[in-house]
Structures are given as C-alpha cells and as structure tokens.
Amino acid sequence: MPKATFNKLKAEKKALITKAFLREFAVKPYDEASISEVVKQLGIAKGSIYQYFEDKMDLFLYLIEKANAVKAAYIAQIKRDDYPDFWSYFIELFKVGLNFDTEHHLESHFLFGLSQNLHSPSVKPLFDNMMQQAVQIFEELVKAEIEKGLFRNDIPTNIMAYSLFHTGR
C-alpha cells in the first residue's frame, strides 16, 4: 500500500497519479504495463513512484483497492432486506453495477481489465484469490436464501454461487 510520502501529497497530485496508472493498467496487462511510460507522461521522475510505493505490485494492489472501494460504495447502497425476493435484489445489484460502469469509466475498465492477467505469472495468484473471494460472497448470499427457504437446498451452494457470479458479470 502507499507509503507515507504518497499519502502526504496534495489530493490533486494523488488523483493525477492514480488516474494515470489506472489507465495504464486498464489497457495493458500487468506484465506489459510500464511505469516508465506513465511517469514520462506525468512529467515526474521514475524514482518518485518508488518513494510512493514499494514496487509495481504495491502500486497495482493500491489501484485494485481504490477501484474496488468506488464500486463497493455503489453496492453498499442497496440491502437485500429492501427487496421482496432475491431476483429483484440481484437485478438491482446488476443495475448498480451498470451505474458504476457508466459513472466511473476508468475504474470500471481497470477492474474489467484484470481478467487480462489470467495467465500472468506475476498476477495470476492474486487474480485467482480475488475470484475466489467474489464467489464466496455469492455463496453467502445463496446460503442466506436457502435458510429463508427461497432457494433449493439440493444443489451445492458453490455451484449456485459460481453461476450467479458469472451471470452478474
């Protein structure tokens, strides 16, 4: 995560750096993304980035955290208890995701672009872990619906969760 030197920067400069690297990682897989190209565009020294972050992976993890936080704020707006059935809730989750995509193009493109890293030796373990976490969230939703008697209990929860996760993507 960012070093104290990054956190001490003015908000405008932090936003400029964050956006520039979100853009770079959105259009290129991790292994092809270039810190050198971005710092050249920003007009700052490459060494500055290493004063702000430990390494390229640290920067990448920061970007994932920032983009996920923006998306999570959208999702947090809706609560399951506010919907009469799971499918109404699920549709609303999808709509909120579309609003995020529409209103935060860069973060959305970056998060979608993470799938470019499926085979990257540098990022594959991280990506696999993120996918597992996402499916686990859906598995908890499925379990809650089963407990309410609203979903069948004869289908493995992990299969239903995986299906819902991929349906909503």
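Here, the structure is the one placed above.
All values derive from a computational prediction rather than experimental measurement.

1. Regarding the side chain of T157
Here comes step 1: For T157, the position within the fold is in helix α9 (residues 157–168).
Here comes step 2: Only 3.0 Å separates the side chain of T157 from the side chain of E139, close enough to count as a polar contact.
Here comes step 3: Once residues within four sequence positions are removed from consideration, T157 is found in contact with E139, V142, K143 and I146.

2. Examining the nonpolar core
Here comes step 1: Core analysis: the largest hydrophobic core is formed by 46 residues, its most contacted members being F21, F25, I49, L59 and F110.
Here comes step 2: No other element matches helix α5 (residues 56–75), which puts seven residues into this core.
Here comes step 3: Among residues more than four places away in sequence, those in contact with F25 are Y30, A33, K56, L59, F60, L63, F110 and Q116.

3. Some details on α5
Here comes step 1: For α5, which comprises 20 residues, the first-to-last C-alpha distance of 29 Å matches the rise-based estimate of 28 Å (1.5 Å per residue) to within 8%.
Here comes step 2: Two to three positions downstream of the cap, the backbone nitrogen of M57 sits 3.2 Å from a side-chain oxygen, assigning the N-cap of α5 to D55.

4. Some points on the environment of P121
Here comes step 1: Topologically, P121 is positioned in the loop between α7 (105–113) and α8 (124–147).
Here comes step 2: Overall, P121 belongs to the exposed group, its relative accessible area being 72%.
Here comes step 3: Spatially, the C-alpha atoms of P121 and V142 are 32 Å apart, while their sequence positions differ by 21 residues.

5. A word on helix α3 (residues 35–42)
Here comes step 1: All of the buried residues in α3 are I35, V38 and V39. Looking straight down α3, one finds its buried side chains confined to an arc of 95°; they lie on one side. In this structure, α3 carries K40 and Q41 as exposed residues pointing more than 90 degrees from its buried face.
Here comes step 2: Tucked into the core, α3 has its buried residues touching α2 (11–27), α4 (46–52) and α5.
Here comes step 3: Where α3 starts, the residue carrying a side-chain oxygen 3.3 Å from the main-chain nitrogen of S36 turns out to be S34.
Here comes step 4: Two residues or fewer after α3 comes G43, characterised by a positive phi angle close to 75°.

The rules behind these values
- Residues numbered from 1 in each chain as written.
- Predicted model: local features only at pLDDT ≥ 70, side-chain atom pairs only at ≥ 80, totals over all residues.
- Heavy atoms only, no water.
- Helix = DSSP H or I, 4+ residues; strand = E, 2+ residues; numbered from the N terminus.
- Polar contact = N/O pair within 3.5 Å; in protein donor to acceptor, adjacent residues only side chain to side chain.
- Contact = heavy atoms within 4.5 Å.
- Core = buried A, V, L, I, M, F, W, Y, C linked by side-chain atoms within 4.5 Å.
- Buried < 20%, exposed > 50% of the residue type's maximum accessible area, 1.4 Å probe, protein only.
- Expected span 1.5 Å × (residues − 1).
- Arc of directions from axis to C-beta.

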